[in-house]
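What follows is the residue order along each chain.
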Number of protein chains: 2
Amino acid sequence: MVSERLRTSYARERLAEFAERCRVRGLAVTPQRLAIIEALLNSTDHPRAERIFDEVRQRHPHISLATVHRTLETLCRIGEARKVTALHDSARYDGNLKPHHHVICVRCRRIRDVEISGFGRVLQQAGGLEGFEPLGWSLEVQALCQACQKKAPGARPRVTRRRAT
Amino acid sequence: MVSERLRTSYARERLAEFAERCRVRGLAVTPQRLAIIEALLNSTDHPRAERIFDEVRQRHPHISLATVHRTLETLCRIGEARKVTALHDSARYDGNLKPHHHVICVRCRRIRDVEISGFGRVLQQAGGLEGFEPLGWSLEVQALCQACQKKAPGARPRVTRRRAT
DNA sequence: TATCAGATGATAATAATTATCACCTGATAC
DNA sequence: GTATCAGGTGATAATTATTATCATCTGATA
């Protein structure tokens, strides 16, 4: 059922453990979930839901796009994937042009500026960005703000969230 | 017309220069643009378009939400503001759980992983995150990928963009 | 194999953003 | 100061990504 054409040993290991991890969490191991995690592990370019959908549909023609969205969010929730775009749901703007960084509350999506120095040096040592020409950089610290720390840890926010505006 | 109740000297300076910067760029200095940049400079929390709209509407009741969206994008384009959420338009997922960082092409939105070490140390020295409890962090390097470097620098992508999926 | 909580597919609803277009107005030349 | 007009705006429709809803299906367990 499951393809063995995973690109890297990391991906193979992750897929091998996946069923067990679902069971531990009380999640059913469905063909859809297997196909989606496999497509994600096979990708190197941070796909969006629709591209995973296109990929998976080749072998599961009946899969629904809604399932792909749902499953990707589930994978993030159980720690099997991460969303690169923590704040993708609406554009957030900043009038401060001075270089600075951001702490983001992963629950309520509050953002705060932070001044952290020393990054330029670290980045210079980094070397190859594979042809990408850097224009700027900023660190995103995922965090819980004070208010959200006090809430029950398990109480996930509703999918339609009360969020920072 | 323009309020002088800007919070910081930085904001006051920026607003004072704003009209001149528009002229240099051949953009009209409209009351709407002034009100929007003022609201943005007065904010400390990276608002979205709708909150700027609410703010500005108190003194310009006839302003349209579309104008706020348009103007915020214009401000980013001319370098008077920046979008904190470079990739907000659709969620992007990553199956790689190992700590790593991202280079993002600001034009075509391609994302690539980068390994950069030494950040933990810098972050530890950073000290106060104002009560935020860090869970993780990743550096976002804004860049131009090789393909996009070759395109004409002025040729902005269409608003409905051909983008990485 | 029967049971059933949870998963899925189909589709409607929502929310953010962008497109369209008639009308308006800041900037410039006179 | 007024005429001109390119570009800006407001109103609204359209688009796009995502989430909600709900009837049906199915993986896990007894």
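Residues numbered from 1 in each chain as written. Chains lettered and ligands numbered in written order. Predicted model: local features only at pLDDT ≥ 70, side-chain atom pairs only at ≥ 80, totals over all residues.

In terms of helices and strands, chain A carries six helices and five strands. Each helix (α) and strand (β) of chain A, taken in turn from the N terminus, gives the series α-α-α-α-β-β-β-β-α-β-α. Out of the 165 residues belonging to chain A, those deemed buried represent 33%. Within chain A, counting contacts between residues at least 6 apart in sequence, those at least 24 apart form 53% of the total. (Helix = DSSP H or I, 4+ residues; strand = E, 2+ residues; numbered from the N terminus. Buried ≥ 20, exposed ≤ 12 C-beta atoms within 10 Å, placed from the backbone. Contact = placed C-beta atoms within 7 Å.)

A word on the nonpolar core. Counting residues in hydrophobic clusters, the biggest one holds 66 residues, and the most contacted among them are Ile36(A), Ile52(A), Ile36(B) and Ile52(B). Setting aside anything within four residues of it in sequence, one finds Ile36(A) in contact with Ile52(A), Val56(A), Val68(A), Thr71(A) and Leu72(A). (Core = buried A, V, L, I, M, F, W, Y, C linked by C-beta atoms within 7 Å.)

All names here are of chain B. With respect to the helices and strands, Arg107 occurs in the loop between strand S3 (101-105) and strand S4 (111-114). A residue is classified by how many C-beta atoms lie within 10 Å of it, and Arg107, with 19 of them, is partly exposed. Put simply, Arg107 and Leu27 are 80 residues apart on the chain and 23 Å apart in space, counted from C-alpha to C-alpha.

Residues and elements named next belong to chain A. Contact pair helix H2 (residues 31-42) / helix H4 (residues 65-77): the axes reach a minimum separation of 10 Å and the direction vectors enclose 70°. Here H2 is positioned roughly perpendicular relative to H4, judged by the angle of their axes. In this structure, H2 uses Gln32, Arg33, Ile36 and Ile37 to contact H4, whose residues at the interface are Thr67, Val68, Thr71, Leu72 and Leu75. Across the contact of H2 with H4, the residue classes tally to five nonpolar, three polar and one charged. (Axes fitted to C-alpha atoms, helices over the stretch in contact; angles between N-to-C directions. Parallel < 35°, antiparallel > 145°, perpendicular 65-115°, else oblique. Nonpolar A, V, L, I, M, F, W, Y, C, P; charged D, E, K, R; others polar.)

This brings us to the relation of the copies chain A and chain B. Each of the two chain copies goes to the other by way of a rotation about an axis and a shift along it. Overlay of chain A on chain B (RMSD 0.1 Å): rotation 180°, translation along the axis 0.0 Å. Those values place the two copies in the arrangement expected of a two-fold rotation axis. Judged by C-alpha distance, His88(A) is the residue of chain A that lies nearest the rotation axis, at 1.8 Å. The overlap is high: 100% of the interface residues of chain A also sit at the interface in chain B, so the same surface is used on both sides. (Least-squares fit on C-alpha atoms with pLDDT ≥ 70 in both.)

Moving on to the interface of chain A and chain B. If you look at the interface, chain A gives 60 residues, while chain B gives 60 residues. It is strand S5 (residues 133-144) of chain A that provides the largest number of residues to the side of chain A that touches chain B, a total of 12 residues. Classifying every residue of the side of chain A that touches chain B by side-chain character gives 32 nonpolar, 16 polar and 12 charged.

At 3.6 residues per turn, the α-helix brings residues three or four places apart onto the same side. All names here are of chain A. Among the residues of helix H3 (residues 49-57), Ala49, Ile52, Phe53 and Val56 are the ones counted as buried. Buried residues in H3, looked at end-on, bunch into an arc of 105°, giving them a common side. Check the buried side of H3 and you find it contacts H2 and H4. (Arc of directions from axis to C-beta.)

Bringing the domain arrangement of chain A into the picture now. For chain A, the assigned domains read domain 1 (4-94) and domain 2 (101-151). For domain 1 of chain A versus domain 2 of chain A, the distance between C-alpha centres works out to 25 Å. (Domains from an automatic or database assignment.)

Within the secondary structure, Glu38(A) sits in helix H2. With 14 residues separating them in the primary sequence, Glu38(A) and Ile52(A) have C-alpha atoms 9.7 Å apart.

What follows concerns unusual backbone geometry. Phi angles above zero are rare outside glycine, and His46(A) is one such case at about 60°. Within the secondary structure, His46(A) is located in the loop between H2 and H3.

Time to look at the pairing of S5(A). Alignment of strand S3 (residues 101-105) of chain A against S5(A), held across four bridges, turns out to be parallel. From the neighbouring strand, Cys105(A) faces S5(A), where its bridge partner is Ala143(A). As judged from the 11 bridges shared by S5(A) and strand S5 (residues 133-144) of chain B, these two strands associate in the antiparallel manner. Bridging from a neighbouring strand, Gln142(A) pairs with Gly136(B) of S5(B). (Pairing = 2+ DSSP bridges.)

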